[in-house]
2 protein chains.
Amino acid sequence: MPSRTYVYSFAEGATKDKMLLGGKGANLAVMTSIGLPVPPGLTITTEACSEYLTSGGQLPPGLEDQLREKLRWLEKETGKAFGDESNPLLVSVRSGAPISMPGMMDTILNLGLNDRTVEGLANATGDERFAFDCYRRFIQMYGEVVLGVEQFEFEGILAELKHQRQVQFDYELSPADLRQLVVDYKQVVARKGKVFPQDPLEQLLMAVRAVFGSWNNHRAIVYRKLNNIPDHLGTAVNVQAMVFGNMGDDSGTGVAFTRNPATGEKKIYGEYLINAQGEDVVAGIRTPQPIASLAQDMPEIYEQFTRICELLERHYRDMQDIEFTVEKGKLYILQTRSGKRTAAAAIRIAVEMVQEGMLTKEEALLRIQPSQLDQLLHRRIDPSANLDVLAKGLPASPGAACGRIVFSADEADALAQKGEKVLLVRTETTPDDIHGMIAAQGILTSRGGMTSHAAVVARGMGKPCVCGCEALRIDYDAQQLLVNGRVFRRGDILSIDGTTGRVIAGEIKMIEPELSEEFNTLLQWADEVPGLGVRANADNPVDAKKALDFGAKGIGLVRTEHMFMATDRLPLAQRMILAMDKEERAAALEALQTLQENDFYEILKVMSGYPVCIRLLDPPLHEFLPAAEQLLVDITTLRLTGGNVEELARKEALLSKVRSLSEFNPMLGHRGCRLGVTFPEIYRMQAKAIFNAMARLLQEGYEPHVEVEIPLVGNIKELTILKEEVNRIAAEVQAESRLTLNYHVGAMIELPRACLIADQIAAESGFFTFGTNDLTQTTFGFSRDDAEGKFLPQYLEAGILTENPFAVIDREGVGELMRIAVERGRKAKPRISIGICGEHGGNPDSIEFCYQIGLDYVSCSPYRVPIARLAAAQAAIKRAT
Amino acid sequence: MPSRTYVYSFAEGATKDKMLLGGKGANLAVMTSIGLPVPPGLTITTEACSEYLTSGGQLPPGLEDQLREKLRWLEKETGKAFGDESNPLLVSVRSGAPISMPGMMDTILNLGLNDRTVEGLANATGDERFAFDCYRRFIQMYGEVVLGVEQFEFEGILAELKHQRQVQFDYELSPADLRQLVVDYKQVVARKGKVFPQDPLEQLLMAVRAVFGSWNNHRAIVYRKLNNIPDHLGTAVNVQAMVFGNMGDDSGTGVAFTRNPATGEKKIYGEYLINAQGEDVVAGIRTPQPIASLAQDMPEIYEQFTRICELLERHYRDMQDIEFTVEKGKLYILQTRSGKRTAAAAIRIAVEMVQEGMLTKEEALLRIQPSQLDQLLHRRIDPSANLDVLAKGLPASPGAACGRIVFSADEADALAQKGEKVLLVRTETTPDDIHGMIAAQGILTSRGGMTSHAAVVARGMGKPCVCGCEALRIDYDAQQLLVNGRVFRRGDILSIDGTTGRVIAGEIKMIEPELSEEFNTLLQWADEVPGLGVRANADNPVDAKKALDFGAKGIGLVRTEHMFMATDRLPLAQRMILAMDKEERAAALEALQTLQENDFYEILKVMSGYPVCIRLLDPPLHEFLPAAEQLLVDITTLRLTGGNVEELARKEALLSKVRSLSEFNPMLGHRGCRLGVTFPEIYRMQAKAIFNAMARLLQEGYEPHVEVEIPLVGNIKELTILKEEVNRIAAEVQAESRLTLNYHVGAMIELPRACLIADQIAAESGFFTFGTNDLTQTTFGFSRDDAEGKFLPQYLEAGILTENPFAVIDREGVGELMRIAVERGRKAKPRISIGICGEHGGNPDSIEFCYQIGLDYVSCSPYRVPIARLAAAQAAIKRAT
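Bear in mind that the values here come from a model prediction, so they are computed numbers and not experimental data. (Residues numbered from 1 in each chain as written. Chains lettered and ligands numbered in written order. Predicted model: local features only at pLDDT ≥ 70, side-chain atom pairs only at ≥ 80, totals over all residues. Heavy atoms only, no water.)

### Quick notes on the overall build of chain A
Link 1 in the chain: When you go through chain A residue by residue, the secondary structure sums to 35 helices and 31 strands.
Link 2 in the chain: Each of the three principal axes of chain A carries a C-alpha extent, and together these read 105 × 65 × 55 Å.
Link 3 in the chain: In chain A, which comprises 881 residues, the share counted as buried stands at 56%.
Link 4 in the chain: The long-range fraction of contacts in chain A, counting pairs at least 24 apart against all pairs at least 6 apart in sequence, stands at 68%.
Link 5 in the chain: Working note: accessible area of chain A is about 35900 Å², and carbon and sulfur atoms make up 49% of it.
Link 6 in the chain: Charge separation in chain A, taken as the distance between the mean sites of 95 positive and 117 negative side-chain charges, equals 2 Å. (Helix = DSSP H or I, 4+ residues; strand = E, 2+ residues; numbered from the N terminus. Buried < 20%, exposed > 50% of the residue type's maximum accessible area, 1.4 Å probe, protein only. Contact = heavy atoms within 4.5 Å. Areas by Shrake-Rupley, 256 points an atom, 1.4 Å probe, with all protein chains shown as cover. Lys, Arg positive; Asp, Glu negative; His and termini not counted. Charge placed at Lys NZ, Arg CZ, Asp CG, Glu CD.)

The structure is reproduced here in structure tokens:
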């Protein structure tokens with residue numbers, strides 16, 4: 001039986017797939033087949049690896065012969081020979097599994113060097129230093145990965161030598177030093193009882209065995225287990241001729257992008273060095289030339305290279321990042337891959353490639369990472385700026401901000417009115433601070449998680465915020481903050497980056513968000529793809545306007561409680577809660593109604609013609625009251641100091657109310673529709689405010705279209721009781737105004753139980769939307785505020801969770817409940833409108849999932865609308881293909 | 001076409017069903033057919049009602065004729081005649097739908113009375129007062145339900161008359177007064193433009209129409225809608241001859257049970273009055289005689305009655321509660337129904353009826369309400385005691401307790417050691433109070449819900465507890481408590497009833513729990529029914545022993561945290577948590593390990609041969625530390641009074657630790673296996689303690705069988721990581737001891753997400769058990785502590801929830817998740833053991849559901865094991881039949 005083929009030249013590999021050749025081998029075969037000047041080489045198949053491993057470490061019969069034969073071909077091809085003292089063939093040896101996989105042996109360079117060929121290399125390159133540097137590196141790498149000598153054995157000798165020579169960098173060592181290192185390294189190997197083989201073929205065979213063996217090292221096994229990669233796949237081995245860019249002035253090396261990776265401009269962009277190796281660039285001894293100069297230095301090579309750039313772009317249909325080397329006037333392409341690029345460049349390249357006929361619109365849409373767009377949608381720190389980073393907190397609300405430190409909301413307000421830019425710094429914020437938050441450029445807190453008051457309100461406002469920055473020690477009395485031993489006083493300038501959580505000393509250079517023409521073009525294409533609609537969450541007319549500008553087709557969530565928290569409303573909200581009798585409460589509610597009616601009027605006016613989903617009051621009432629702890633300290637102080645008796649009595653009464661409303665687990669407490677059921681007058685007031693606003697707008701010729709949403713429904717009777725209330729009030733307003741109001745009543749689905757009874761809910765609703773923040777908390781049984789500060793980071797690190805479920809929908813748990821809810825809901829009412837609000841609505845992976853389970857729309861912060869539009873289109877395109 | 005039969009005499013009805021005759025009519029027919037002396041009568045069918053209603057209020061053709069004919073028969077049967085002035089036939093008219101249904105017109109008595117027959121009745125009974133009282137009542141009732149005159153019109157006149165006569169009770173009015181009332185009542189009717197018919201036949205026809213019409217009154221329609229009763233059923237009308245027990249000394253009336261309803265003894269039990277109407281008993285003018293005396297007073301009647309009692313018991317195969325009247329020496333049975341009885345009687349009757357061959361064992365088992373058994377399993381208040389009830393709190397842990405008031409755990413401990421019985425009264429309890437709770441007879445708190453510390457610990461100890469009794473004002477400084485204006489001081493005697501939540505002044509008479517021979521017989525029969533197993537939750541050897549005594553077949557839940565909270569362990573637990581370095585923590589853990597090992601050793605010794613499921617540490621660590629609020633007050637005080645600086649520093653450090661561990665929503669926080677993952681040394685210590693205890697027991701010849709349970713699993717990797725840890729430690733102990741340990745590792749399923757991934761969990765587990773307390777909280781999204789004190793009562797009242805979901809499994813939501821989990825779990829591993837712990841495990845309705853979805857066992861408090869054994873048997877019997 002003739003033996004199976006285990007070794008392919010790159011050219012031969014063109015017809016084979018990456019399961020046999022591995023990813024890297026298949027890629028080299030492709031590049032060779034389309035005529036690129038790739039240094040020649042060969043690939044040993046994954047099958048050889050599998051057989052090696054299952055046979056307990058025997059190279060399969062025939063492999064060694066095939067390898068020898070192919071090496072002879074390689075020698076012919078390169079005009080060099082293994083072990084030839086004057087013109088030695090040197091090769092790289094690389095592993096390459098079918099699925100990219102860290103943990104295995106990676107690369108051995110310059111295999112083929114030995115005590116004799118190193119001299120040949122020195123002669124051929126005229127660079128003794130280079131040759132011996134290569135050799136000592138080769139011995140070390142080979143010693144480590146093939147012979148199992150530990151790294152520190154080599155590093156110790158090198159460090160000792162540098163210390164003796166009083167030099168800092170490797171490249172400062174003389175050729176003689178490097179020769180000495182080679183001698184010492186070989187002694188290390190020998191001392192460990194190992195033999196460094198001088199025969200290049202033996203070097204190669206041992207290296208191949210080492211690559212095969214590394215398939216089963218611990219890290220690789222764990223990685224495969226974690227990622228469900230089958231153990232039997234095995235890895236291929238690629239053996240490729242080395243080329244050298246330091247063989248004289250007709251040699252060189254460089255890196256280039258086929259388009260500008262910063263702007264996307266269609267022009268080759270990169271740099272090169274004549275008579276140099278890639279490492280020389282890293283060492284920083286010489287300054288590379290811009291790629292354009294190559295047209296003068298090596299006009300033919302330049303022309304060839306530009307042709308190859310075009311070829312590669314056409315072949316891969318993407319901007320390429322290409323490494324090349326010129327060896328004695330001959331151009332070699334060492335590597336090509338899709339080039340990394342800024343968001344702006346990504347958009348421009350994608351749009352222009354469509355215009356060039358290289359991509360379809362759908363392909364162009366798939367080319368952009370939606371999350372990348374975020375950097376275009378917020379004012380951000382100039383990437384070129386030097387930053388004095390003081391500490392890092394939670395990235396609570398994206399964007400950069402800079403201003404004078406103030407420690408109170410009142411002062412923020414006062415200074416802002418004088419035209420000062422301020423940064424509000426608090427241990428944490430409360431509803432009392434809203435006016436200060438509005439006035440400030442950004443908010444920085446030392447306590448609280450991603451759903452703390454500061455974080456939620458800031459995100460709602462689209463205002464940069466860093467919270468839970470525990471390194472800060474805020475001293476209100478001294479009006480200063482201490483951070484890692486440095487003191488900042490009231491009025492000092494501080495900056496924050498809400499995108500990364502960084503806190504930075506002083507003023508920073510910032511870049512304004514830019515929405516280029518190409519960006520708009522791309523988003524228009526996205527909107528043309530049928531699939532998910534995109535709405536925004538907005539609580540005020542400014543945000544609503546922004547949402548429209550960014551292309552939202554409605555509002556998916558108006559949080560009415562934010563309207564209770566503004567400076568002019570909070571006292572009314574508190575009066576309502578603390579009211580001793582019905583009359584007092586009614587008076588407070590009436591005043592609130594007038595204010596809310598105007599809020600709704602303004603939002604609905606901006607959104608005329610678009611649907612607006614208004615959620616009735618959701619948070620527990622105690623959120624509108626001061627904290628118990630502060631009251632307790634005040635009361636204890638008043639008692640001990642014999643303070644004002646009336647003040648003491650007032651505070652005690654307030655504390656008693658706060659306590660009676662306080663809850664063990666507010667997240668699971670008396671909130672949402674439970675408030676609606678137990679304090680019906682609040683929802684009545686809100687319904688009245690909504691319908692009055694609608695009536696006014698209709699009379700003025702606008703088209704208000706409202707979805708009244710009942711939060712936290714878990715039981716069908718909660719919905720039916722409250723729906724009846726809302727309908728009753730709508731009927732009243734319709735009767736008074738003689739107008740027909742365009743509204744629906746529906747439920748927010750944010751509890752596991754609601755998902756399970758979604759059929760009942762759908763039967764009683766015009767719509768429902770998923771509140772996935774709460775649904776994630778109840779499905780996992782962990783509170784976001786507690787989890788993110790405590791065990792969640794550890795869970796992500798340990799791989800127990802692969803993503804933060806508050807950022808990306810957990811498809812297995814939360815998503816499964818959503819799937820059940822959609823299925824049951826649509827069974828009861830096939831055409832019911834189903835959406836998602838909550839932060840997942842702006843996350844691309846979650847948007848894809850929402851599309852897959854059949855939602856009608858997603859809703860997210862106005863600033864994420866463009867991202868959602870793109871992600872929605874991508875989800876639809878992916879399913880269609 | 002001959003008209004359909006619309007009217008049946010009771011005897012004729014014996015072959016018809018209750019769809020045609022209604023429930024009451026069918027029952028009267030049955031009693032008549034088995035030869036009981038039921039006053040004769042007739043039933044108008046439900047069909048007649050339906051036709052009346054669909055025809056828009058026309059009595060069906062032929063009905064009136066049939067009715068006249070049957071009335072003639074009735075006159076013959078009774079020897080009386082409609083409208084006969086000397087011997088009038090009087091009848092009752094009652095509605096009777098196929099399904100019992102409140103809201104419809106119920107009963108009209110004495111129809112047939114008019115201005116002339118009333119005199120006949122007076123003569124016949126020799127009781128003018130009685131006759132006119134009947135008449136005025138008849139006019140009022142007829143006026144209200146047939147003629148639509150409002151009740152207050154009559155009541156006003158009656159009240160006015162009583163005021164004039166200066167009397168308090170109706171029966172104090174003279175015959176002349178009643179004659180006057182009749183005149184006045186008729187005027188009221190006339191003033192309203194209605195006619196009170198004097199013709200008995202007309203009275204009857206109008207009454208029949210009124211009954212038919214009442215089928216469609218508002219309350220009845222709502223009731224049918226709520227209970228899914230079809231609207232077309234209609235109601236029957238029963239017309240029955242009245243009999244009178246006040247027609248001389250050969251007449252009388254009485255009520256009797258066929259067996260003793262308090263003890264179950266097989267002996268007729270009841271009382272009667274000679275020459276009296278039922279109302280005379282209610283009025284309390286004369287003292288009834290015990291039924292035994294009837295043997296002297298009316299020996300023949302007594303003999304006939306005892307025969308009828310036997311007949312009825314045999315027919316209905318149950319103890320009967322019988323109303324009878326003797327009219328002129330003739331016995332009439334007016335009503336029979338299954339008699340209410342105490343739990344003890346229920347058990348004795350059921351067991352004896354099996355022995356008498358009247359019931360099968362299965363039938364006997366179905367006869368007992370499992371929840372009724374609770375009263376037999378705890379010391380309880382003597383039902384005959386007069387109680388001075390002060391207030392009502394939550395019934396947190398059943399049973400009655402009585403003792404001297406103490407306000408601190410230390411004092412409870414000290415006084416108990418001197419032999420005093422004490423009741424621990426606190427605003428709320430903390431782990432610091434455990435020794436006091438152990439020492440006390442019972443616990444009373446003014447704050448906290450059904451899962452507050454006091455409630456949970458007390459239930460675990462089986463100790464009576466009333467908590468969250470908000471009417472109490474506890475003043476620790478003054479050492480007194482104020483309740484509804486009354487003051488109780490330290491040392492005063494107070495009682496509580498943990499079964500009802502009552503707080504009672506002074507000492508009360510109590511009854512010890514009794515487990516009769518019949519009870520044990522019944523439970524043995526229950527165990528013979530194949531189906532659900534029953535285990536108990538127990539945290540110590542005393543409870544484990546109790547569980548065995550009550551028939552538990554293993555322990556379903558050992559909560560290891562309770563072992564951390566006992567007086568001698570708490571300081572160690574705190575030292576572990578507050579440890580500044582690894583060494584200090586290790587030392588504390590080692591000490592805890594020794595203690596836990598002994599705990600496990602003792603429990604497993606008692607349970608040798610039975611499975612014991614031990615749950616690793618579950619609650620968040622801050623539960624072991626003092627409360628932040630108290631520390632805050634202490635610190636503020638120390639600061640202002642310039643107190644001890646070291647003390648201040650210590651308290652500040654402690655507060656800082658408490659704060660760093662404190663959580664916004666502890667229920668959703670850093671607890672359960674999240675602690676196991678982030679502080680692996682705690683679970684390691686617990687595993688080591690378990691396996692060491694097992695090894696010791698094996699060496700001593702016992703058979704420990706342990707299930708190691710990982711709490712709060714939501715993600716499969718939490719389980720696999722911790723399982724590996726446990727297995728590693730088991731392997732260590734096995735290697736050291738050279739013994740094979742009989743153990744499994746499994747998960748507690750208490751999160752929605754766990755239910756959804758139960759297939760993955762089952763694949764990695766030897767068992768799983770549902771923790772339905774937490775599962776209910778997360779599925780509904782409400783915290784028990786918050787819900788029960790705030791909106792849950794209102795929800796139950798408004799019918800939004802029909803049961804407290806923390807007491808009875810919510811089948812629609814929580815149950816649906818359990819069903820999904822069992823389905824997915826068994827699909828992955830068909831024979832995996834699945835149980836339920838948590839309080840639902842002792843609730844009969846929930847036990848039935850657990851049986852239906854295929855659980856292997858339920859586990860509950862030792863005190864509920866008998867209840868669970870019975871409920872489990874009932875569930876299986878119900879499904880089989």
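### Topic: the relation of the copies chain B and chain A
Link 1 in the chain: With an RMSD of 0.7 Å, the operation that places chain B on chain A is a rotation of 179 degrees combined with a shift of 0.6 Å along the axis. Given the turn and translation reported, the copies of this chain are related as if by a two-fold rotation axis.
Link 2 in the chain: The overlap is high: 100% of the interface residues of chain B also sit at the interface in chain A, so the same surface is used on both sides. (Least-squares fit on C-alpha atoms with pLDDT ≥ 70 in both.)

### A short note on the sheet that holds strand S1 (residues 7-9) of chain B
All names here are of chain B.
Link 1 in the chain: Here we have five strands laid out as an open sheet, ordered S1-S2-S5-S3-S4, and antiparallel in their pairing. The sheet terminates laterally at S1 and strand S4 (107-111), the two strands that pair on one side only. Across the sheet, the axes of successive neighbouring strands diverge by a mean angle of 20 degrees, strand direction being ignored.
Link 2 in the chain: As defined by bridge partners, S1 adjoins strand S2 (residues 41-44) across three bridges and the pair is classed as antiparallel. Opposite Ser9, over in S2, you have Leu42 as the bridge partner. (Pairing = 2+ DSSP bridges. Axes fitted to C-alpha atoms, helices over the stretch in contact; angles between N-to-C directions.)

### Description of helix H26 (residues 680-699) of chain A
Residue and element names in this part refer to chain A.
Link 1 in the chain: In this model, H26 (20 residues) spans 29 Å end to end at C-alpha, consistent with the 28 Å of a helix rising 1.5 Å per residue.
Link 2 in the chain: Within H26, 14 of the 20 residues are buried, which leaves the element mostly enclosed by the surrounding structure.
Link 3 in the chain: Gly701 sits one or two positions beyond H26 and adopts a positive phi of about 95 degrees. (Expected span 1.5 Å × (residues − 1).)

### A few points about helix H21 (residues 570-578) of chain B
Link 1 in the chain: Looking at H21(B), one finds that the buried residues are Leu570(B), Leu572(B), Ala573(B), Gln574(B), Met576(B) and Ile577(B).
Link 2 in the chain: On its buried face, H21(B) sits against helix H20 (561-565), helix H22 (582-606), helix H24 (645-661) and helix H26 (680-699) of chain B.

### With respect to the packing of helix H23 (residues 628-640) of chain A against helix H23 (residues 628-640) of chain B
Link 1 in the chain: Relative to each other, H23(A) and H23(B) sit at 35 degrees, their axes nearing to 10 Å. In the crossing of H23(A) with H23(B), the sense of the turn from one axis to the other is right-handed. Facing H23(A), whose interface residues are Ala628(A), Glu629(A), Leu632(A), Val633(A), Thr636(A), Thr637(A) and Leu640(A), H23(B) presents Ala628(B), Glu629(B), Leu632(B), Val633(B), Thr636(B), Thr637(B) and Leu640(B).
Link 2 in the chain: Residue classes in the contact of H23(A) with H23(B) are distributed as eight nonpolar, four polar and two charged. (Left-handed = near helix turned anticlockwise from the far one by under 90°. Nonpolar A, V, L, I, M, F, W, Y, C, P; charged D, E, K, R; others polar.)

### Considering the interface of chain B and chain A
Link 1 in the chain: With 58 residues of chain B at the interface, the matching set in chain A holds 59 residues.
Link 2 in the chain: Approximately 5300 Å² of surface area, both sides summed, lies buried where chain B meets chain A, with 57% of it carried by carbon and sulfur atoms.
Link 3 in the chain: Counting every contact that joins chain B to chain A gives six salt bridges.
Link 4 in the chain: In terms of residue count, H23(B) provides more of the side of chain B that touches chain A than any other element does, seven residues in total. (Buried area = accessible area lost by both parts, 1.4 Å probe. Salt bridge = Lys/Arg side-chain N within 4 Å of Asp/Glu carboxyl O.)

### Comments concerning the sheet that holds strand S1 (residues 7-9) of chain A
Residues and elements named next belong to chain A.
Link 1 in the chain: Pairing is antiparallel across the open sheet formed by five strands, whose spatial order is S1-S2-S5-S3-S4. Both outer strands of the open sheet, S1 and strand S4 (107-111), are each paired with one neighbouring strand and no more. The mean inter-strand angle of the sheet, taken between neighbouring strand axes irrespective of direction, is 20 degrees.
Link 2 in the chain: Bridge count for strand S2 (residues 41-44) against strand S5 (residues 236-241) is four bridges, and the pairing is antiparallel. Along S5, the bridge assignment pairs Gly41 with Gln240.

### Concerning the environment of Ile809(A)
Residues and elements named next belong to chain A.
Link 1 in the chain: Along the chain, the position of Ile809 falls in the loop between helix H32 (792-797) and helix H33 (814-828).
Link 2 in the chain: On the basis of relative accessibility, which here comes to 4%, the residue Ile809 falls in the buried class.
Link 3 in the chain: In sequence terms Ile809 and Gln760 are 49 residues apart; their C-alpha atoms lie 24 Å from each other.

### What about the pairing of strand S25 (residues 555-559) of chain B?
Residues and elements named next belong to chain B.
Link 1 in the chain: With five of its five residues buried, S25 lies for the most part within the structure.
Link 2 in the chain: Across two bridges, the pairing between strand S24 (residues 533-537) and S25 is parallel. The residue of S25 that forms the bridge with Ala536 is Ile555.
Link 3 in the chain: Where S25 lies against strand S26 (residues 611-615), three bridges are found, and the strand directions are parallel. Its bridge partner being in S26, Val558 is matched across the sheet by Ile614.

### Focus: the packing of aromatic side chains
The way to describe two aromatic rings as a pair is by their centre distance and the angle between their planes.
Link 1 in the chain: Enumeration according to the criterion identifies 32 aromatic pairs over all chains in this entry.
Link 2 in the chain: Taking 5.0 Å as the distance between ring centres and 70 degrees as the angle between the ring planes, the aromatic pair formed by Phe154(A) and Tyr185(A) counts as edge-to-face. Of the two residues, Phe154(A) sits in helix H6 (residues 151-165) while Tyr185(A) sits in helix H7 (residues 175-191), which places them 31 residues apart along the sequence. Each of the two residues, Phe154(A) as well as Tyr185(A), counts as buried.
Link 3 in the chain: One aromatic cluster is present, built from ring pairs that chain together Phe780(A), Phe782(A), Phe791(A), Tyr795(A) and Phe806(A).
Link 4 in the chain: Positioned above the aromatic ring of Tyr332(A) is the side chain of Lys330(A), whose terminal nitrogen or guanidinium carbon lies 4.8 Å from the ring centre.
Link 5 in the chain: If you follow Arg696(B) out to its NZ or CZ, it ends over the ring of Tyr601(B), 4.1 Å from the centre. (Phe/Tyr/Trp six-rings, centres within 6.5 Å; stacked < 30°, edge-to-face > 60°. Lys NZ or Arg CZ within 6 Å of the ring centre and 35° of its normal.)

### Describing the nonpolar core
Proteins that are soluble and globular tend to have nonpolar side chains buried together.
Link 1 in the chain: Residues Phe691(A), Phe770(A), Met818(A), Phe691(B), Phe770(B) and Met818(B) are the most contacted members of the largest nonpolar core, which totals 330 residues.
Link 2 in the chain: If we ignore the near neighbours within four places in the chain, the residues touching Phe770(A) are Ile749(A), Cys755(A), Leu775(A), Met818(A), Ala821(A), Val822(A), Ile834(A), Gly835(A), Ile836(A), Cys837(A) and Leu855(A).
Link 3 in the chain: Met101(A), Leu205(A), Val237(A) and Ala241(A) belong to the second largest nonpolar core, which has 68 residues in total. (Core = buried A, V, L, I, M, F, W, Y, C linked by side-chain atoms within 4.5 Å.)

### Some details on the packing of helix H5 (residues 128-145) of chain A against H6(A)
All names here are of chain A.
Link 1 in the chain: Between H5 and H6, the shortest axis-to-axis distance is 9 Å and the interhelical angle comes to 155 degrees. Judged by the inter-axis angle, H5 sits roughly antiparallel to H6. For the pair H5 and H6, contact is made by Arg136, Ile139, Gln140, Gly143 and Glu144 and by Gln151, Phe154, Glu155 and Leu158, respectively. (Parallel < 35°, antiparallel > 145°, perpendicular 65-115°, else oblique.)

### A closer look at the side chain of Thr336(A)
Residue and element names in this part refer to chain A.
Link 1 in the chain: Along the chain, the position of Thr336 falls in strand S10 (residues 330-338).
Link 2 in the chain: Taking relative accessible area as the criterion, Thr336 reaches 6% and is therefore assigned buried.
Link 3 in the chain: A polar contact is formed between the side chain of Thr336 and the side chain of Gln320, at a distance of 2.7 Å.
Link 4 in the chain: In this structure, Thr336 is in contact with Asn27, Met31, Leu312, Tyr316, Gln320, Asp321 and Ile322, ignoring residues within four places of it in sequence. (Polar contact = N/O pair within 3.5 Å; in protein donor to acceptor, adjacent residues only side chain to side chain.)

### Notes on the pattern of salt bridges
All names here are of chain A.
Link 1 in the chain: Going through the model one piece at a time under the given rule, you end up with 122 salt bridges over all chains.
Link 2 in the chain: Salt-bridge contacts for Lys70 lead to Glu12; the nearest nitrogen and oxygen are separated by 3.4 Å. Of the two residues, Lys70 sits in helix H3 (residues 63-78) while Glu12 sits in the loop between S1 and helix H1 (18-33), which places them 58 residues apart along the sequence.
Link 3 in the chain: The class of Lys70 is buried, set by a relative accessible area of 12%.
Link 4 in the chain: The shortest N-O distance in the salt bridge between Arg671 and Asp618 comes to 3.1 Å. Of this pair, Arg671 sits in the loop between helix H24 (645-661) and helix H25 (673-678) while Asp618 is found in the loop between strand S26 (611-615) and H23, placing the two residues 53 residues apart along the sequence.
Link 5 in the chain: Here the salt bridges do not stand alone but share partners, grouping Arg684, Lys688, Glu725, Arg728, Glu732 and Glu736 into one network.

### Description of the environment of Gln874(A)
All names here are of chain A.
Link 1 in the chain: Structurally, Gln874 is set in helix H35 (residues 865-880).
Link 2 in the chain: Given a relative accessible area of 7%, Gln874 falls into the buried group.
Link 3 in the chain: Along the chain, Gln874 and Glu725 lie 149 residues apart, while their C-alpha atoms are 41 Å from each other.
Link 4 in the chain: Dropping the residues within four chain positions of it, Gln874 is found in contact with Leu365, Leu366, Ile368 and Pro370.

### Notes on unusual backbone geometry
Link 1 in the chain: With phi around 50 degrees, Arg317(A) is a residue other than glycine that occupies positive phi space.
Link 2 in the chain: Among the structural elements, Arg317(A) can be located in the loop between helix H12 (299-316) and strand S9 (320-327).
Link 3 in the chain: For Arg317(A), a relative accessible area of 30% puts it in the partly exposed group.
Link 4 in the chain: Despite not being glycine, Gln479(B) has its phi angle at roughly 50 degrees, a positive value.
Link 5 in the chain: In this structure, Gln479(B) sits in the loop between strand S18 (472-475) and strand S19 (480-483).
Link 6 in the chain: Under the relative-accessibility criterion, Gln479(B) is labelled partly exposed at 26%.

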